Amino acid sequence: MTDATDIPPEGEERPLAGEYVLGVLAADERAEAERRIVAEPAFARSVAWWEERLTLLAADIPSATPSEGLWPRIQNLIVEPLKPSAWNSVNLWRGVAAGALALAAASVVIAVLPRPAAPPIVAPSPAKPQAAEVALIADPTSNKPMVVATLDHATDQVMLTPMDMKMPQGRDAELWIIPEGQKAISLGVIPTDAPKRIPMPEGLRGAGTYTALLAVTDEPIGGSPTGVATGSVRAAGKFLKG
Amino acid sequence: MLSRALARVANRDHDALKYVYRHTSAKLLGVVLRILNDREESEDVLQDVYLTVWNKADRFDPEKASPITWLVSLARNRAIDKLRARGTRVMTGVEEAEALPDAAPLASARVEADEDRQRLDGCLDQLDPKHSGAVRKAFFEGLTYDALAQAVGVPLGTMKSWIRRSLISLRACLEA
């Protein structure tokens, strides 16, 4: 928005850092100011200068006691968080996977669990094997299965069936696939109460799938904003070759 | 104390975060509630603020800011972003800029903060009362120039001029 009064008084610069701290900027101008805070140390210092002074006005605002449920909610979200660096620790994944595999071995019955009706699929290519592999994605501490993943070679899809999957309030379940020795790839947010089919990423449609680890983390609504897991590992497991 | 607690939060100490929460959540909720006027939304923002504190406490530099400044700024920024995301929803019942004084002082109340506050008040008092009223209202409610002009009932250009002149005068006064 530009009008004559946008022109600052003669010889004086627009006090943009002060305007940002005061909170009068529109969304696009705020975003631009935030970009400058990161990019320009002098501007960042100016913002800090205003914050240190204007924030004193907050003393005039009456306090308000949060509801009793708020702290437990926050506490629930910070339990056993994994730093992103831990995400690519091969040992961690091996440990988690071993637990899930042990459980899977003892629970062959899982493969005959009733499967929800699958959406109609295109006629499978005859060249591809029809076998489906099953992965139990289980809670790493209790080993309780949370999701069953079935690999459908005919369509290169993974069919996910949630068993008993609960996420903390205000968090989405995000599924990751971690090919051996590589970084986690997001397969997106998955429903906790309904089955879903997800296409396998290109390049992961071969034997590599069998050695990859699948994991579910809790993430902000809509999924991790960074493309790297930010929440806790809620479940993990590998495919059992059919 | 808050500075030390934040340093412990950076080391993933749950109890330290609880300490920070216990000593600051009521103040931060007051600040956020004043901007959003919606308790549920405000508590969501607060949850987000403490998760950010948990994940980014290592960014807090006690050399550069007081802990309460850091926390209030974080909370205000989140609340203002949320307010902007609401779009042009009309706000009704906009209150007077003058707030009730808070019975409980800021958690980190330091002696020098009182002196700084007196200095800020002294500089605000040198402004035209209409201008300082607009500055306070802007700070408390996080309104854009547009919304602020409408709420006060002056043209947009007038409001921009009031606020910018006030900021320039305040900076000169506070630096003196």
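This one's a predicted model, so the numbers in the text were calculated from it and none came from an experiment.

1. A closer look at the overall build of chain B
Phase 1 of the analysis: Along the backbone of chain B there are eight helices and zero strands.
Phase 2 of the analysis: Taken from N to C terminus, the helices and strands of chain B fall in the order α-α-α-α-α-α-α-α.
Phase 3 of the analysis: Of all 176 residues assigned to chain B, the portion counted as buried reaches 52%.
Phase 4 of the analysis: In chain B, the share of contacts with a sequence separation of at least 24, taken over all contacts with a separation of at least 6, comes to 65%.
Phase 5 of the analysis: Surface exposure of chain B reaches about 8500 Å², of which carbon and sulfur atoms provide 49%.

2. What to know about the confidence of the model for chain B
Phase 1 of the analysis: Taken residue by residue, chain B gives an average pLDDT of 86. The fraction at 70 or more is 85%.
Phase 2 of the analysis: Here the predicted complex carries an ipTM of 0.88, next to a pTM of 0.58.

3. A word on the interface of chain B and chain A
Phase 1 of the analysis: Across the contact, 67 residues belong to chain B and 49 residues belong to chain A.
Phase 2 of the analysis: With both sides pooled, the region where chain B packs onto chain A buries about 5500 Å², and carbon together with sulfur makes up 62% of that total.
Phase 3 of the analysis: Among the residues chain B hides against chain A, the three largest losses belong to F139, R164 and L167 of chain B. Together they make up 12% of the total.
Phase 4 of the analysis: Summed over the shared surface of chain B and chain A, the number is five salt bridges.
Phase 5 of the analysis: Here D60 of chain A and R136 of chain B are joined by a salt bridge, their closest N and O atoms 3.2 Å apart.
Phase 6 of the analysis: Summed over the shared surface of chain B and chain A, the result is 22 residue pairs in polar contact (both at pLDDT 80 or more).
Phase 7 of the analysis: Counting only elements with at least two residues in the side of chain B that touches chain A, the list comes to helix 2 (14-36), helix 3 (39-56), helix 4 (67-85), helix 5 (111-125), helix 6 (129-141), helix 7 (145-152) and helix 8 (156-175) of chain B.
Phase 8 of the analysis: Of the residues contributing to the side of chain B that touches chain A, the split by class is 34 nonpolar, 11 polar and 22 charged.

4. Observations regarding the state of the cysteines
Residues and elements named next belong to chain B.
Phase 1 of the analysis: A full pass over the atoms with the stated rule returns one disulfide over all chains.
Phase 2 of the analysis: A sulfur-sulfur separation of 1.9 Å characterises the disulfide bridge that pairs C123 with C173. Residues C123 and C173 share a disulfide whose torsion about the S-S bond is about -80°; that sign makes it left-handed. Residue C123 is located in helix 5, and its partner C173 is located in helix 8; the two are separated by 50 residues in the primary sequence.
Phase 3 of the analysis: The class of C123 is buried, set by a relative accessible area of 5%.
Phase 4 of the analysis: Residue classification places C173 among the buried positions, given a relative accessible area of 18%.

5. Focus on helix 2 of chain B
All names here are of chain B.
Phase 1 of the analysis: The end-to-end C-alpha distance of helix 2, which contains 23 residues, comes to just 28 Å, noticeably less than the 33 Å that a straight helix rising 1.5 Å per residue would cover.
Phase 2 of the analysis: At T24, helix 2 is bent by approximately 55°, the largest bend along its length.
Phase 3 of the analysis: Two or three places before D15, at the opening of helix 2, D13 has a side-chain oxygen 2.9 Å from that residue's backbone nitrogen.

6. Focus: the pattern of salt bridges
Phase 1 of the analysis: One pass over the structure, following the stated rule, counts 18 salt bridges over all chains.
Phase 2 of the analysis: For R14 of chain A, the salt bridge goes to E29 of chain A, with nearest N and O atoms at 3.4 Å. Of this pair, R14 of chain A sits in the segment before helix 1 (16-22) while E29 of chain A sits in helix 2 (residues 27-39); the two residues are 15 residues apart in sequence, bridging distant segments of the chain.
Phase 3 of the analysis: What makes R14 of chain A partly exposed here is its relative accessible area of 28%.
Phase 4 of the analysis: A cluster of three or more residues bridged by salt bridges with shared partners is formed by R14, E19 and E29 of chain A together with R164 of chain B.

7. Overview of the packing of aromatic side chains
Phase 1 of the analysis: Taken as a whole and assessed by the stated rule, the structure comprises five aromatic pairs over all chains.
Phase 2 of the analysis: Each ring, one from W49 of chain A and one from W50 of chain A, has its centre 5.0 Å from the other, and the planes form 90°; the classification is edge-to-face.
Phase 3 of the analysis: Here the aromatic rings of Y21 of chain B and Y50 of chain B are separated by 5.0 Å at their centres, their planes lie at 65°, and the arrangement is edge-to-face. Of the two residues, Y21 of chain B is situated in helix 2 and Y50 of chain B in helix 3; the sequence distance between them amounts to 29 residues. There is no split in this pair, since Y21 of chain B and Y50 of chain B are both buried.
Phase 4 of the analysis: The structure contains a cluster of three or more aromatic residues connected by ring pairs, namely W71 of chain A together with Y21 and Y50 of chain B.

8. What to know about unusual backbone geometry
Residues and elements named next belong to chain B.
Phase 1 of the analysis: In this model, R12 sits at a positive phi of 65°, which is unusual for a non-glycine residue.
Phase 2 of the analysis: Tracing the sequence through the fold places R12 in the loop between helix 1 (2-10) and helix 2.
Phase 3 of the analysis: In this model, N37 sits at a positive phi of 55°, which is unusual for a non-glycine residue.
Phase 4 of the analysis: Summarising the element assignment, N37 is placed in the loop between helix 2 and helix 3.

9. A few points about the nonpolar core
Phase 1 of the analysis: Grouped together as the largest cluster of nonpolar side chains are 78 residues, with contacts concentrated most on L22 of chain A together with L17, V53, M159 and I163 of chain B.
Phase 2 of the analysis: The element that contributes the greatest number of residues to this core is helix 2 of chain B, accounting for 10 residues.
Phase 3 of the analysis: Membership of the second largest hydrophobic core comes to 23 residues, among which are M146, M165, A173 and L187 of chain A.

10. Considering the side chain of S66 of chain B
Phase 1 of the analysis: The residue S66 of chain B is located in the loop between helix 3 and helix 4 in this model.
Phase 2 of the analysis: Side chain to side chain, S66 of chain B and T69 of chain B meet in a polar contact 2.8 Å long.

11. A closer look at the pairing of strand 2 (residues 145-152) of chain A
Residue and element names in this part refer to chain A.
Phase 1 of the analysis: Across the eight residues that make up strand 2, a large majority, seven, are buried.
Phase 2 of the analysis: Alignment of strand 2 against strand 3 (residues 157-162), held across six bridges, turns out to be antiparallel. Bridging across to strand 3, V147 finds its partner in P162.
Phase 3 of the analysis: Hairpin connection, strand 2 to strand 3: the antiparallel pair is bridged by four residues, and D156 has positive phi, about 55°.

Cut-offs applied
- Residues numbered from 1 in each chain as written.
- Chains lettered and ligands numbered in written order.
- Predicted model: local features only at pLDDT ≥ 70, side-chain atom pairs only at ≥ 80, totals over all residues.
- Heavy atoms only, no water.
- Helix = DSSP H or I, 4+ residues; strand = E, 2+ residues; numbered from the N terminus.
- Buried < 20%, exposed > 50% of the residue type's maximum accessible area, 1.4 Å probe, protein only.
- Contact = heavy atoms within 4.5 Å.
- Areas by Shrake-Rupley, 256 points an atom, 1.4 Å probe, with all protein chains shown as cover.
- pLDDT = per-residue confidence, 0-100.
- Buried area = accessible area lost by both parts, 1.4 Å probe.
- Salt bridge = Lys/Arg side-chain N within 4 Å of Asp/Glu carboxyl O.
- Polar contact = N/O pair within 3.5 Å; in protein donor to acceptor, adjacent residues only side chain to side chain.
- Nonpolar A, V, L, I, M, F, W, Y, C, P; charged D, E, K, R; others polar.
- Disulfide = S-S within 2.5 Å.
- Expected span 1.5 Å × (residues − 1).
- Bend = angle between axes of the 7 residues up to and from the residue.
- Phe/Tyr/Trp six-rings, centres within 6.5 Å; stacked < 30°, edge-to-face > 60°.
- Core = buried A, V, L, I, M, F, W, Y, C linked by side-chain atoms within 4.5 Å.
- Pairing = 2+ DSSP bridges.

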